[in-house]
Structure formats: C-alpha cells, structure tokens
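One letter stands for each residue in the lines below.
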Amino acid sequence: MPSEGQPYADGRQPDQDRPPVADRLDDDHFPAYTMGRAAELVGATPAFLRALGEARLITPTRSGGGHRRYSRHQLRLAARARELVDQGTPVDAACRIVSLEEQLERAERANEELRRGEAGTVRGHR
C-alpha cells in the first residue's frame, strides 16, 4: 500500500489539499460509504435511501463516477427515519420529523455555547 505522499497504486497522486485519510475517517461528514454499504448499515434498501434523498433529508455526495457516497451523519439521519417509517410514519413525514429534530439539536447546542460564553464573560468582569 502506498504511503502518504506517494502515488496511489493506479498512479494517481494524492490530493495535497485534503487531510490524510485517517483524519477524514474521523470526520462525521466525510462521504465514506457506498449506497450498498449504507443501505446495509441502516437496514434499508437502496430505494429507501434514494427516497430520503428525494425528500431532501440527506443529499449524498457523488463520486467521480457518479455513485452516491454517504457520511456517518447521513446514515444516522437515515436510521432515525427508518425507525419512524417502521412505526408506520409515511416517509415524507418521517423526513420532516428527523429534519426538525436535527434543527432542535443544533439550536440546543448553540444555546449551550452561548450560555457557556456568557458565564465566562460574567466571571471575567468580577
């Protein structure tokens, strides 16, 4: 296996602007999973993942050859949508619920960061 900085087995050069592979694999948003593997991990069919894309819950990255690639974050969203669908929720409604849950989680994190920032500011002025 070629080392970092050496050409790939097929002769391509590594992309100098990208972080090393090990760093990208730790990234929740790195599109590391193919459609088949993503479907397997979520316990769904590729058609289900395509339906989530059509509903705009997840937008997979496309490889150079046009194949869909999914991140761990997208797989978590898909798994949550699958749970709701398994409970009888229509796909469009499940996607909306998951989207709203995601928005709420981001808002809660932002509020927590603001609270921590305000607490530090108040302590700094004493």
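Residues numbered from 1 in each chain as written. Predicted model: local features only at pLDDT ≥ 70, side-chain atom pairs only at ≥ 80, totals over all residues. Heavy atoms only, no water.

1. Here we look at helix α2 (residues 35-42)
- Buried residues of α2: Met35, Ala38, Ala39 and Val42, and no others. With its buried residues spanning 100° around the axis, α2 presents them on a single face.
- Contacts from the buried residues of α2 go to β1 (33-34), α3 (46-54), β3 (68-70) and α4 (72-86).
- Of the residues one or two after α2, glycine 43 is the one with positive phi, at around 80°. (Buried < 20%, exposed > 50% of the residue type's maximum accessible area, 1.4 Å probe, protein only. Helix = DSSP H or I, 4+ residues; strand = E, 2+ residues; numbered from the N terminus. Arc of directions from axis to C-beta. Contact = heavy atoms within 4.5 Å.)

2. Quick word on the environment of serine 99
- Locating serine 99 in the fold gives a position in helix α5 (residues 91-124).
- Through-space distance from the C-alpha of serine 99 to that of arginine 56 is 9.3 Å; in sequence the pair is 43 residues apart.

3. As for the sheet that holds β3
- Taking strand neighbours across the sheet as the criterion, the three strands line up as β1-β3-β2 in an open arrangement whose pairing is antiparallel. Every interior strand has two partners, whereas the edge strands, β1 and β2 (61-62), have only one.
- Bridge count between β1 and β3: two bridges; the pairing is antiparallel. Counted as the bridge partner of tyrosine 33 is tyrosine 70 from β3. (Pairing = 2+ DSSP bridges.)

4. Observations concerning the confidence of the model for the protein
- Looking at the protein, the pLDDT average stands at 85 and 77% of residues meet or exceed 70.
- Here helix α1 (residues 21-25) stands out as the element of the protein with the lowest mean pLDDT, 67, in contrast to α4, whose mean of 97 is the highest.
- Ignoring residues within four places in sequence, the model shows residues 1-10, a span with pLDDT below 50, making 13 contacts including any to other chains. (pLDDT = per-residue confidence, 0-100.)

5. Some thoughts on the packing of α3 against α4
- As a packed pair, α3 and α4 sit with axes 11 Å apart at the nearest point and diverge in direction by 105°. In terms of their interaxial angle, α3 and α4 are classed as roughly perpendicular. Touching Phe48, Leu49 and Leu52 of α3 are Ala78, Ala81, Arg82 and Val85, all from α4.
- Each residue belonging to the contact of α3 with α4 can be placed in one class, and the counts come to six nonpolar, no polar and one charged. (Axes fitted to C-alpha atoms, helices over the stretch in contact; angles between N-to-C directions. Parallel < 35°, antiparallel > 145°, perpendicular 65-115°, else oblique. Nonpolar A, V, L, I, M, F, W, Y, C, P; charged D, E, K, R; others polar.)

6. As for the environment of leucine 75
- Locating leucine 75 in the fold gives a position in helix α4.
- The contacts of leucine 75, once residues within four sequence positions are left out, are Tyr33, Ala38, Leu41, Val42 and Tyr70.

7. Some thoughts on the nonpolar core
- The biggest cluster of nonpolar side chains holds 18 residues, and the ones touching the most others in it are Leu49, Leu52, Leu57, Ile58 and Tyr70.
- Going through the elements one at a time, α2, α3, α4 and α5 are the ones with two or more residues in this core.
- The element best represented in this core is α4, accounting for five residues.
- Leave out the neighbours within four places in its chain, and leucine 52 touches Leu57, Ile58, Ala78, Ala81, Val91 and Cys95. (Core = buried A, V, L, I, M, F, W, Y, C linked by side-chain atoms within 4.5 Å.)

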